[in-house]
Number of protein chains: 2
Amino acid sequence: MEGCVNQRWGGASNSAKEGAVGVYVRSVSHNVDKHAHTGSMGYEEGVDKIPSVALSIEDANMLSELLKKSPKIKGYLNVNSQTLPDKDSYNVIAENRGAVEPDKIITFGGHLDSWDVGEGTHDDGAGVVHSIEALRIIKASGYKPRYTLRCVLFMNEENGNNGGKTYAAVAKEKGEIHIAALESDAGGFVPRGFTMDGTPEQVKKMQSWEPLLEPYKLHIFKKGWGGVDIGPLKEQMVPLIGLRPDDQRYFDHHHSDTDVFENVHKREHELGCASFASMIYLIDKYGLGIKLEEKRWVILYFNQN
Amino acid sequence: MEGCVNQRWGGASNSAKEGAVGVYVRSVSHNVDKHAHTGSMGYEEGVDKIPSVALSIEDANMLSELLKKSPKIKGYLNVNSQTLPDKDSYNVIAENRGAVEPDKIITFGGHLDSWDVGEGTHDDGAGVVHSIEALRIIKASGYKPRYTLRCVLFMNEENGNNGGKTYAAVAKEKGEIHIAALESDAGGFVPRGFTMDGTPEQVKKMQSWEPLLEPYKLHIFKKGWGGVDIGPLKEQMVPLIGLRPDDQRYFDHHHSDTDVFENVHKREHELGCASFASMIYLIDKYGLGIKLEEKRWVILYFNQN
């Protein structure tokens, strides 16, 4: 198999087809360490649901060495994980109401839930704090936003994206107009820029602000990924923008027991907050050149069909 | 006083003028921690040479609080540092001889010495390894350089730059032609690009390679600082190029006891090696558009005068 996450996701089903009774998945990480890097996996229809466990790279290397020396070595898996029934949980929302057009919204957020190992600090505590801080910074600056700035801490990104789906469904039901949706869900490292899932014109508009952020060493301003939680808003033609922090250390921590508070660098994280706040401010101040009337029509059309 | 390093450098003389008998210098660092950040300082002529010590930010904050509560608090300094006589030491040089014009040289390096606290890993073990690795990578690739690639591990950057001065003096004496000199002396963090102390044409030439390195997220290609060790080559009209790693964490470690091996991130450091090797390769392959004959004349002129 090519790529990497597909080995974690599909490792069990693909191994079961070859007759495996269980599967160890070597961690998908740059760092050679003792920490197992976990994450979601799934089963294909009609294939035996064999157990699948994450193995740290050091442990995988050791197992590999042992197997070379003793090909008949035996092991056992004692797996006691289970999927519990869903429970009610909630997105958490705070607003700075628009001074001119409060019915038009700029949404920005991260997700409140995390994978079960570690503390979920980079994924996505950092994004949650980027978002709360952006709201605070803009308020503290005394700037009165034209549109409503809405900070959304999404629930259930890791396990089905129900927070993101529900948010978009409610927005559609209410006929809310979103100017843009921003997400920070790639860690609390040095901010490098933003990617946008939008029209070429919208991307160009964002790129026109590069000179304002270049002095702070932000340099990525291009078409690309928005975020999982804001993803369901795409159907409503909302431009989706993702904060892009430096990514070299992300998979040292992602879904492992090293994703803890002390592995976030205060200064780097503060620069992320300032960058996120700046992008929200720029969109509020200068817009993304969206034809709102046309967009309202499209949303009404979607709501009626 | 404005700026920051001048407080460390001139703190003693400036305080002595106000009648101080000793001075504590609060560390110049982003990070609020218990580690004193040290570095060179000097005395003005005719001013009392009072003792000067570095204090960590946490200790400086504590002292400040104590002084607010008890303005008459007394302290004492027990300083036993001394300046010993100079000893012989050496630059360490390795070459990959040029296949076409071996008498023309591309020099690149870092410095071998370090400040006395910590291990000197970011300052400048990282640059030393960047340089050795660049030499190794280019050789391992099978590429035959046009010019001689010379890796120089400079001695005595921290205390007088005698390695850099001697290197330039010997080059001048021998009439060596340097195509370029590169230095890595800003840590082993994620590489962000290069700055060049050269002519506008040379800077433009370097900038023309940005698209080749942009996929690896290098984005700084502009006029700027080369490096202390290569600095004395400037008189010989050699374009000086400095590797620019991400700088947010540099002063967490610089000249403090946290500048140790385990604070260099392997992957980030490897990316620095690859970037340094790439820039050396590009200069060897495409040149910097220097009029060598004119340059040779200037050097001969300098040598005769």
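Residues numbered from 1 in each chain as written. Chains lettered and ligands numbered in written order. Predicted model: local features only at pLDDT ≥ 70, side-chain atom pairs only at ≥ 80, totals over all residues.

**Observations regarding the packing of helix 3 (residues 121-140) of chain A against helix 8 (residues 266-286) of chain A**
Residues and elements named next belong to chain A. Contact pair helix 3 / helix 8: the axes reach a minimum separation of 8 Å and the direction vectors enclose 55°. Viewed along their axes, helix 3 and helix 8 adopt a mutual orientation that is oblique. Seen from above, helix 3 lies across helix 8 with right-handed handedness. For the pair helix 3 and helix 8, the contacting residues are Ala126, Val129, His130, Ser131, Glu133, Ala134, Ile137 and Ile138 in the first and His269, Gly272, Cys273, Ala274, Phe276, Ala277, Ile280 and Tyr281 in the second. (Axes fitted to C-alpha atoms, helices over the stretch in contact; angles between N-to-C directions. Helix = DSSP H or I, 4+ residues; strand = E, 2+ residues; numbered from the N terminus. Parallel < 35°, antiparallel > 145°, perpendicular 65-115°, else oblique. Left-handed = near helix turned anticlockwise from the far one by under 90°. Contact = placed C-beta atoms within 7 Å.)

**Observations concerning the sheet that holds strand 5 (residues 147-154) of chain B**
Backbone-to-backbone hydrogen bonds join strands into a sheet, with any given pair of strands oriented parallel or antiparallel. Residue and element names in this part refer to chain B. Within the open sheet, the seven strands sit side by side as 3-5-4-6-9-7-8. Their pairing is mixed. Since the sheet does not close on itself, it has two edges, and those belong to strand 3 (92-96) and strand 8 (220-223), each with one partner. Averaged over neighbouring strand pairs, the angle between their axes works out to 20° when direction is ignored. In the sheet, strand 6 (residues 177-183) pairs with strand 9 (residues 240-245) via three bridges, with the strands oriented parallel. Looking at the pairing, Leu182 lines up with Ile241 of strand 9. In the packing of helix 4 (residues 162-174) onto the sheet, contacts are made with strand 4 (101-111), strand 5 and strand 6, and the angle to strand 5 comes to roughly 150°. (Pairing = 2+ DSSP bridges.)

**Structural notes on the sheet that holds strand 3 (residues 92-96) of chain A**
Residue and element names in this part refer to chain A. Ordered in space as 3-5-4-6-9-7-8, the seven strands form an open sheet in which the pairing is mixed. Every interior strand has two partners, whereas the edge strands, strand 3 and strand 8 (220-223), have only one. The sheet shows a mean angle of 20° between the axes of neighbouring strands, taken without regard to direction. Where helix 3 meets the sheet, it contacts strand 3, strand 4 (101-111), strand 5 (147-154), strand 6 (177-183) and strand 9 (240-245), and its direction lies at approximately 145° from that of strand 4. Its contacts with the sheet place helix 4 (residues 162-174) against strand 4, strand 5 and strand 6, and it is angled at close to 150° to strand 5.

**Quick notes on the domain arrangement of chain A**
Residues and elements named next belong to chain A. You can read the domains of chain A as domain 1 (5-69) and domain 2 (92-304). Put simply, the middle of domain 1 and the middle of domain 2, counted by C-alpha atoms, are 33 Å apart. Split into classes, the residues belonging to the side of domain 1 that touches domain 2 amount to two nonpolar, seven polar and no charged. (Domains from an automatic or database assignment. Nonpolar A, V, L, I, M, F, W, Y, C, P; charged D, E, K, R; others polar.)

**Some words on the relation of the copies chain B and chain A**
The two copies are related by a screw motion: chain B maps onto chain A through a turn of 180° and a shift of 0.0 Å along the axis, at an RMSD of 0.0 Å. Overall, the copies show the geometry of a two-fold rotation axis. Closest approach to the rotation axis within chain B is made by the C-alpha atom of B:His219, at a distance of 3.5 Å. Same-surface contact between copies: 100% of interface residues of chain B are shared with the interface of chain A. (Least-squares fit on C-alpha atoms with pLDDT ≥ 70 in both.)

**Comments concerning the pairing of strand 9 of chain B**
All names here are of chain B. The buried fraction of strand 9 amounts to six of the six residues, a majority that puts the element mostly inside the structure. Of the two faces of strand 9, both are covered, the one formed by Leu240, Gly242 and Arg244 as well as the one formed by Ile241, Leu243 and Pro245. Two elements, strand 7 (residues 191-197) and strand 9, share six bridges in a ladder whose sense is antiparallel. When the bridges of strand 9 are listed, Met196 appears paired with Ile241. (Buried ≥ 20, exposed ≤ 12 C-beta atoms within 10 Å, placed from the backbone.)

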